[in-house]
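Next come the chains, spelled out residue by residue.
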Amino acid sequence: MRLGFHAPQTEEELSQIVLEAAESRTPLEIMGKGTKRELGHAVRAGAVVSTENMKGITLYEPTELVMVAKCGTPLTEIEAALAENDQELACEPVDIAPVMGYGPGEGTVGGLVATNISGSRRILKGAVRDHVLGVTAVNGRGEIIKSGGRVMKNVTGYDIARTLVGSWGTLAVMCEVALKVLPVQRESRTLVFFGLTDFAAVEALCLAMGTPYEVSGTVHLHAPLAARLSDADLAGNGKAVTAIRVESFPASARYRTSRLREALLAYGPELELDTDRSQTFWKDVRSLKMFQGTKHPLWRVSTVPSKAATLVGNLARKVDVHVAYDWSGGLLWIETPSLTDAAAVDIRRQLAEFGGHATLIRADAAIRKETDVFQPLEPPHDVLAAKLKHAFDPLGLFNPGRLYRGQ
Amino acid sequence: MSTVTLPDPDRAVMARRNEVVKQLKKLAPKAVVIADLEGRRTFESDALAAYRRLPLAVVLPANTEEVSAILRFCYENHVKVVPRGAGTSLCGGATPLEDSIVLCLSRMNQVLEIDAANRVARVEAGITNIAITQAAAAKGFFYAPDPSSQVACTVGGNIATNSGGAHCLKYGVTVNNLLGVRMVMVDGEIVDFGGTYLDAPNYDFLPLITGSEGQLGVVTEASVRLIAAPEGARPVLIGFDSANAAASCVAAIIASGIVPVAIEFMDRPAIHVCEHFVPAGYPLDAEAALIVEVEGSEDEIEYLLEKIEDIAQDYNPISMRRSQSDEESALIWKGRKAAFGAIGQISDYMCMDGVIPLSALPEALTGVSLICRKYRFDVANIFHAGDGNLHPLILYDANDPGQLERVELCGAEILKLCVELGGCLTGEHGVGIEKRELMYEQFTDEDIDQQVRIKEELDPAWLLNPGKVFPILGRGALKQSMDLTRLDAAPDGLPPEDTLVDEVEFDVEYIEGEERL
């Protein structure tokens, strides 16, 4: 096949490219706009296939809460169309482009689905994966396959659509996705606590999640990270910031924050952000503003919330880390010094004890080359991963080595 | 006669039945092994009772290790395994085969942990759906997916079929509420997928396992999300003089930015049957009714219900009743939740499970009426309107020879219509044996091949729940069968299709004189 860069405009063109690659056994690097190209292991490929020319919203039914879009559609275009109808992607996807050195909003919807990097609202509304209703993709045999559809409930056959979410382009090349969308909640209010220890913060966040007030954001930022926030009061306080968000219609949001304030009195909420300030704060969290402007290694760790503070405490005894606790402690964004392994050994040692897994989001190429970017798989998961890969991409054409070396 | 063919059994395996039973007893000493005829008969069908096969034996293991030992033995001896929870599958998802054992998880029904801080419950797969909420309620939490059979069905079965329910409009279905499973693979290997945290490492096997109808492994434990119980919840019951008005009202509610916790739709026949069964005050003069439920504090509920009532006013409701108390709310839901049982009191019925885009609802309801009329059956429609999941209940007489085949063909035509309208064959019941041959209506060869390749990677010998999900007769088999009935040619004095009325009047005399429970 022709080496170099391919940007097909249709599924059929893509299928033809994959067939040619299969014939010549040419491995392909799969991407959208490439904003996450330096994330994950480097791919050794003979050609690049981008979905950036497969773009456009093909169906949007606001009254059915469904949108279908080609995978190369910029996320900004999706969000603008939704905003016109007061709707949004409720999983509040993390815009990872700025911490990778790209401009905000440069990613595609295909990239979002392929990486499944959900934002703060995941605790209430679910992950990116939970909002995917259907997918059309091309598998490693060059076949155009579809799974799911555009309706909310569908259990017809195996759920290949959601299985492809978070597969980093290694199983199939997604062409079009159907997404569940939800109405925007007009009022956003955030309770802010200053200077809580990690233990007290996680305790307060977990407590908030146990109330009936539909908390939609719970984050705790170490003081050096809080100092990078847009809100001058929060950035200038010099202390760790812990924040709890409620979104609803105005009267309800006010009622719920007042009840939360009572429930969390012992932790001393010191500030209540109104909608504008609340939205600015969570936009910072969503774009990982607290990790922009540095090049230090950045990890994304999923663990059990109640164990998070101990995990971080143990880690901090070995390495100087700055941590943002999202998902009431269930998701840790950890910035480490530029050590040779970006503290991979220490982080994974803690996870072996406490449970969970870690992904190296940002690091120099030299570090990424020597370090497992994704959580190393234990048997029998490595065998099962290989079987799933084989079922979709028997020749190993797509993104070889992206997730795991040798795959 | 029926339209569903089950695979021919392997006579050699059946001849080894005594040896298989002996080995099972030895390998799983704490398990209950049922080998006698009477005992096996209890398990010869699930809730799709038209299909029965006597299994080789039934095994009810006590723990994951026993499941592992049983599967390893079956793998090595080429014995097929049909996993089963409570046997409530309406699509024949747990129909046994004569050369299979039934592996029933109902004895593994313990809550292993309720972790309030992390909002997770760890349970054994044989626990009933409702028992999770009962165990979590004291700490202020509940488990969201609420299939109508939640009192009986098991969480393992819910995972096998990705079950939903009335309240899934807001909270999602099983896959959205599942954090991890412990699963025994076909060769007996015990594997944990996911965990008690929110994201799984590796490829995400959870959505693949969820809804795979027990074909990729046997789930023995699950970690599920717990959600803080709302302060309160209350429905409003709205009657309309047409299905179109009700459907338009649903769209308008959603467009307004409100996502109620449930929107249930009942047509005129369903309203009458349910009201007869549970006098809940349903609007008997309405052509369609909606139950719209919202949650929150008292003030929040009042605000939202008022807003919904305002929206409904634009669609000329003929009645509107806001629940005033917990008792009244319970009564309104009791009627809806008892619908399947209520109709069962007056007739045999086939409960279909198709999904359509909501915008196609009027067309779908007209189509369902016409199709049922063509096949000479009455039909009642009840469904989850928020997500377009239709449940036409086709009434028939199981004792009348020939009616089973006719009702199956009628149901198949309805499901085909759902696909043609942009929907799918099943929203929550699964494919099982019931809709197996219809898979080509929704999928291409390549789509199905891709699914089959996954099955073959994980279970190369097709020992786990074979004969389900995928067509075994090949492309077009059922379509051919439907053509042969030549119903379009109006047999047996049926009126020609073009003379049929748009709306079918439900034969209310059906229910007169029946004893109300």
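Residues numbered from 1 in each chain as written. Chains lettered and ligands numbered in written order. Predicted model: local features only at pLDDT ≥ 70, side-chain atom pairs only at ≥ 80, totals over all residues. Heavy atoms only, no water.

In the annotation of an unreviewed UniProt entry, the entry for chain A reads FAD-linked oxidase, and the organism field reads Methyloceanibacter stevinii.

**Student:** Mind showing me how you'd approach the overall build of chain A here?
**Tutor:** A count of helices and strands for chain A gives 14 helices and 18 strands. Principal axes of the C-alpha set define a box for chain A whose edges measure 65 × 50 × 35 Å. Taking all 407 residues of chain A together, the buried fraction comes to 64%. As displayed, chain A offers around 13,800 Å² of accessible surface, 50% of which is attributable to carbon and sulfur atoms. Seen as two clouds, the 45 positive and the 47 negative side-chain charges of chain A have centres 3 Å apart. (Helix = DSSP H or I, 4+ residues; strand = E, 2+ residues; numbered from the N terminus. Buried < 20%, exposed > 50% of the residue type's maximum accessible area, 1.4 Å probe, protein only. Areas by Shrake-Rupley, 256 points an atom, 1.4 Å probe, with all protein chains shown as cover. Lys, Arg positive; Asp, Glu negative; His and termini not counted. Charge placed at Lys NZ, Arg CZ, Asp CG, Glu CD.)

**Student:** Can you help me understand the packing of helix H6 (residues 198-209) of chain A against helix H11 (residues 305-316) of chain A in this one?
**Tutor:** Describing two packed helices takes the angle between their axes plus the distance from one axis to the other. Residues and elements named next belong to chain A. The N-to-C vectors of H6 and H11 enclose an angle of 170°; their axes lie 9 Å apart at closest approach. Classed by the angle they form, the pair H6 and H11 counts as roughly antiparallel. Together, Asp198, Phe199, Val202 and Cys206 of H6 and Pro305, Ser306, Ala309, Thr310 and Val312 of H11 make up the contact between the two elements. When grouped by side-chain class, the residues that make up the contact of H6 with H11 number six nonpolar, two polar and one charged. (Axes fitted to C-alpha atoms, helices over the stretch in contact; angles between N-to-C directions. Parallel < 35°, antiparallel > 145°, perpendicular 65-115°, else oblique. Contact = heavy atoms within 4.5 Å. Nonpolar A, V, L, I, M, F, W, Y, C, P; charged D, E, K, R; others polar.)

**Student:** Before we go on, may I ask you to explain the sheet that holds strand S7 (residues 132-139) of chain A in this structure?
**Tutor:** The pairing of strands in a sheet happens through backbone hydrogen bonds and is either parallel or antiparallel. The five strands are arranged S4-S5-S9-S7-S8 (chain A) in an open sheet whose pairing can be described as antiparallel. Across the chains shown, the open sheet's two edge strands, defined by having one partner strand only, are strand S4 (57-61) and strand S8 (144-148) of chain A. Shown here is a sheet whose adjacent strand axes are inclined to one another by a mean of 15°, direction ignored. Of the strands in this sheet, S7 and S8 of chain A are in contact with helix H17 (residues 445-458) of chain B, which crosses S8(A) at around 75°. (Pairing = 2+ DSSP bridges.)

**Student:** Would you explain the pattern of salt bridges in this entry?
**Tutor:** A side chain with one charge may pair with a side chain of the opposite charge, provided their charged atoms come close. What the rule picks out here adds up to 57 salt bridges over all chains. Between Arg122(B) and Glu221(B) there is a salt bridge; the shortest N-O distance is 3.5 Å. Here the residue Arg122(B) occupies a position in strand S6 (residues 120-124), and Glu221(B) occupies one in strand S10 (residues 218-225), the gap between them amounting to 99 residues. Exposure remark for Arg122(B): the relative accessible area of 28% places this residue in the partly exposed category. Relative accessible area serves as the criterion here: at 15%, Glu221(B) is assigned to the buried category. Between Arg268(B) and Glu287(B) there is a salt bridge, with the nearest N and O atoms lying 3.4 Å from each other. One end of the pair, Arg268(B), is in helix H10 (residues 268-277); the other, Glu287(B), is in the loop between H10 and strand S14 (288-295), and 19 residues separate them in sequence. A single network of salt bridges, built from pairs that share partners, joins Glu88(A), Glu92(A), Arg121(A), Arg245(A) and Glu247(A). (Salt bridge = Lys/Arg side-chain N within 4 Å of Asp/Glu carboxyl O.)

**Student:** Explain the sheet that holds strand S1 (residues 4-6) of chain A to me, please; I cannot follow it from the model alone.
**Tutor:** Residue and element names in this part refer to chain A. Pairing is parallel in the open sheet, where three strands are placed in the order S1-S3-S2. Whereas interior strands pair on both sides, the edge strands pair on one side only; in this sheet they are S1 and strand S2 (28-31). Within the sheet, the average angular offset between the axes of one strand and its neighbour, ignoring direction, is 25°. Bridge analysis of S2 against strand S3 (residues 47-50) gives four bridges, and the strand direction is parallel. Its bridge partner lying in S3, leucine 28 is registered against alanine 47.

**Student:** Explain the confidence of the model for chain B here, please?
**Tutor:** It should be kept in mind that the predicted coordinates are not to be read in detail where pLDDT is low. Residues and elements named next belong to chain B. On average, chain B scores 90 in pLDDT, and the residues at 70 or more come to 92%. Scored below 50 in pLDDT, residues 484-517 shows 52 contacts in the model against residues more than four places distant or in partner chains. Confidence metrics for the complex model read pTM 0.94 and ipTM 0.96. (pLDDT = per-residue confidence, 0-100.)

**Student:** I tried to follow unusual backbone geometry on my own but got confused; where do I start?
**Tutor:** With the exception of glycine, the majority of residues adopt a negative phi angle, and the majority of peptide bonds are in the trans configuration. Here the bond from Pro379(A) into Pro380(A) is cis, since omega is 5°, no more than 30 degrees from zero. Here the phi dihedral of Asn399(A) falls at roughly 45°; this positive angle occurs in a residue that is not glycine. Position of Asn399(A) among the secondary structure elements: in the segment after helix H14 (381-392). In this model, Asn316(B) sits at a positive phi of 50°, which is unusual for a non-glycine residue.

**Student:** Hey, could you run me through the packing of aromatic side chains in this one?
**Tutor:** Working definition: an aromatic ring pair is given by the centre-to-centre distance plus the angle between the planes. As enumerated under the stated definition, the model contains 10 aromatic pairs over all chains in all. On the basis of an interplanar angle of 35° and a centroid distance of 5.1 Å, the ring pair of Phe193(B) and Phe205(B) is categorised as tilted. Taken as a pair, Phe193(B) in strand S9 (residues 190-194) and Phe205(B) in helix H8 (residues 205-209) lie far apart in primary sequence, 12 residues in all. This pair shows no difference in class: Phe193(B) is buried, exactly as Phe205(B) is. When the centroid spacing of 4.5 Å and the interplanar angle of 20° are considered together, the rings of Phe265(B) and Phe383(B) count as stacked. Taken together, the residues span a long stretch of sequence, with Phe265(B) in strand S13 (residues 262-267) and Phe383(B) in strand S18 (residues 378-384) at a distance of 118 residues. Each member of the pair Phe265(B) and Phe383(B) is classed as buried. An aromatic cluster of three or more residues is present, and its members are Tyr158(A), Trp462(B) and Phe470(B). (Phe/Tyr/Trp six-rings, centres within 6.5 Å; stacked < 30°, edge-to-face > 60°.)

**Student:** So what exactly am I meant to see when it comes to H10(B) here?
**Tutor:** For an α-helix, the turn length of 3.6 residues means that residues three or four places apart are oriented alike. When you tally the buried positions in H10(B), you get eight out of 10 residues, the bulk of the element. Among the structural elements, S13, S14, helix H12 (326-337), helix H13 (339-346) and S18 of chain B are those in contact with the buried residues of H10(B).

**Student:** Help me out: how do you make sense of the nonpolar core in this one?
**Tutor:** By size, the foremost hydrophobic cluster in this structure holds 225 residues, and its most contacted members are Ile96(A), Phe281(A), Trp333(A) and Phe193(B). The element contributing the most residues to this core is helix H15 (residues 403-420) of chain B, with 10 residues. For Phe193(B), the residues in contact, after removing those within four places along its chain, are His381(A), Leu384(A), Leu179(B), Gly180(B), Val181(B), Met183(B), Met185(B), Phe205(B), Leu206(B) and Ile209(B). By size, the runner-up hydrophobic cluster in this structure holds 33 residues, among which are Phe277(B), Ala280(B), Trp333(B) and Leu393(B). (Core = buried A, V, L, I, M, F, W, Y, C linked by side-chain atoms within 4.5 Å.)

**Student:** Looking at this structure, I do not really get the environment of Gly40(A). What am I missing?
**Tutor:** All names here are of chain A. Relative to the assigned elements, glycine 40 resides in the loop between S2 and S3. Spatially, the C-alpha atoms of glycine 40 and asparagine 154 are 32 Å apart, while their sequence positions differ by 114 residues. If sequence neighbours within four positions are ignored, glycine 40 has contacts with Arg368, Val373, Phe374 and Arg402.

**Student:** Can you help me understand the interface of chain A and chain B in this one?
**Tutor:** In this assembly, 74 residues from chain A lie in contact with 86 residues from chain B. Summed over both sides, the interface of chain A with chain B buries roughly 6,600 Å², with 56% coming from carbon and sulfur. It is Lys153(A), Val155(A) and Tyr158(A) in chain A that bury the most area against chain B; as a group they hold 15% of the surface buried on that side. Its salt-bridge partner being Arg259(A), residue Glu231(B) comes within 3.9 Å of it at the nearest N-O pair. Linking chain A to chain B there are 30 residue pairs in polar contact (both at pLDDT 80 or more). The element that contributes the greatest number of residues to the side of chain A that touches chain B is H14(A), accounting for nine residues. Of the residues assigned to the side of chain A that touches chain B, the class counts are 33 nonpolar, 23 polar and 18 charged. (Buried area = accessible area lost by both parts, 1.4 Å probe. Polar contact = N/O pair within 3.5 Å; in protein donor to acceptor, adjacent residues only side chain to side chain.)

**Student:** How should I be thinking about the domain arrangement of chain A in this particular structure?
**Tutor:** The extent of an interface is frequently quoted as the accessible surface area lost upon association of the parts. Residue and element names in this part refer to chain A. As far as domains go, chain A holds domain 1 (1-183 + 376-406), domain 2 (187-289) and domain 3 (293-370). A straight line from the C-alpha centre of domain 1 to that of domain 3 covers 26 Å. The interface of domain 1 with domain 3 comprises 19 residues on the first partner and 12 residues on the second. Interface area for domain 1 against domain 3, summed over the two sides, is near 1,100 Å², with a carbon-plus-sulfur share of 56%. In this structure, the connection of domain 1 to domain 3 is made through five residue pairs in polar contact (both at pLDDT 80 or more). Among the residues forming the side of domain 1 that touches domain 3, the class breakdown is nine nonpolar, six polar and four charged. (Domains from an automatic or database assignment.)

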